[in-house]
Amino acid sequence: EPEVTQTPSHQVTQMGQEVILRCVPISNHLYFYWYRQILGQKVEFLVSFYNNEISEKSEIFDDQFSVERPDGSNFTLKIRSTKLEDSAMYFCASTRSFLSNQPQHFGDGTRLSIL
Amino acid sequence: SQELEQSPQSLIVQEGKNLTINCTSSKTLYGLYWYKQKYGEGLIFLMMLQKGGEEKSHEKITAKLDEKKQQSSLHITASQPSHAGIYLCGADLLRQGAQKLVFGQGTRLTINP
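To start, this report covers the structure provided alongside it.

About the criteria used
Residues numbered from 1 in each chain as written. Chains lettered and ligands numbered in written order. Predicted model: local features only at pLDDT ≥ 70, side-chain atom pairs only at ≥ 80, totals over all residues. Heavy atoms only, no water. Helix = DSSP H or I, 4+ residues; strand = E, 2+ residues; numbered from the N terminus. Rg over C-alpha atoms; globule rule 2.2 N^0.38 Å. Buried < 20%, exposed > 50% of the residue type's maximum accessible area, 1.4 Å probe, protein only. Areas by Shrake-Rupley, 256 points an atom, 1.4 Å probe, with all protein chains shown as cover. Contact = heavy atoms within 4.5 Å. Buried area = accessible area lost by both parts, 1.4 Å probe. Salt bridge = Lys/Arg side-chain N within 4 Å of Asp/Glu carboxyl O. Polar contact = N/O pair within 3.5 Å; in protein donor to acceptor, adjacent residues only side chain to side chain. Nonpolar A, V, L, I, M, F, W, Y, C, P; charged D, E, K, R; others polar.

1. A look at the overall build of chain A
Part 1 of the argument: The secondary structure content of chain A amounts to zero helices and 11 strands.
Part 2 of the argument: Reading the helices (α) and strands (β) of chain A from amino to carboxyl end gives β-β-β-β-β-β-β-β-β-β-β.
Part 3 of the argument: Taken over the C-alpha trace, chain A has a radius of gyration of 13 Å; the compact-globule value for 115 residues is 13 Å, and the two agree within 12%.
Part 4 of the argument: For chain A, with 115 residues in total, the buried portion stands at 47%.
Part 5 of the argument: Surface exposure of chain A reaches about 5900 Å², of which carbon and sulfur atoms provide 45%.

Below, the structure is given as structure tokens:
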């Protein structure tokens, strides 16, 4: 069964450094998402992306964050200057349609640790 | 107040017993999704419910949606060790494009042999 794949599984970065998290969504999916889960807290929406544009973003998704679909398969999340509070599990998700009858499928996540 | 609240927060049951997890929304639900998360791993899609009164089953797991009460329940029959994990409900509360999901805090299920 097709699945969303994320790399790396664990990223350790010094505070202030840039980090890029990578995702390969399911091939026939058109809508892409990033969520994050700080340890012990809820899964939180960051951003949705469709047709090479951001569809919606949360308050968390400030100027330090950016997303890109650099080619036909990858979807990336970049954090320009990481902070300690960016430490979290980051999940990528994709779906065929934005309609509620199509579920989002999630990857296994990237655990980001900021030192 | 929490937009999506799950109860209980944790549950320990004997293998073979039945159990129910609830998810209550403070807003109208336009789609309700149940996911399972193994510790430290990704979210595995279980079921989605769209219409009031809808009920879906997969193997020993049944989910129902009560639209009027803005509530969903997940019921596991004859629980097995493989059912252990964190169950998350997610909801589309906006009824607009992009299907931004809001999640509950999760229910941690432990199955004792």
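2. Some remarks on the interface of chain B and chain A
Part 1 of the argument: Each partner contributes to the interface: chain B provides 26 residues, whereas chain A provides 25 residues.
Part 2 of the argument: Summed over both partners, the interface of chain B with chain A buries about 2000 Å², with 53% contributed by carbon and sulfur atoms.
Part 3 of the argument: Joining chain B to chain A, the criterion identifies zero salt bridges.
Part 4 of the argument: The tally of links between chain B and chain A comes to four residue pairs in polar contact (both at pLDDT 80 or more).
Part 5 of the argument: When contributions to the side of chain B that touches chain A are tallied by element, the ones reaching two or more residues are strand 4 (32–37), strand 5 (43–49), strand 9 (85–92) and strand 10 (101–103) of chain B.
Part 6 of the argument: Residues that form the side of chain B that touches chain A fall into these classes: 12 nonpolar, 11 polar and three charged.

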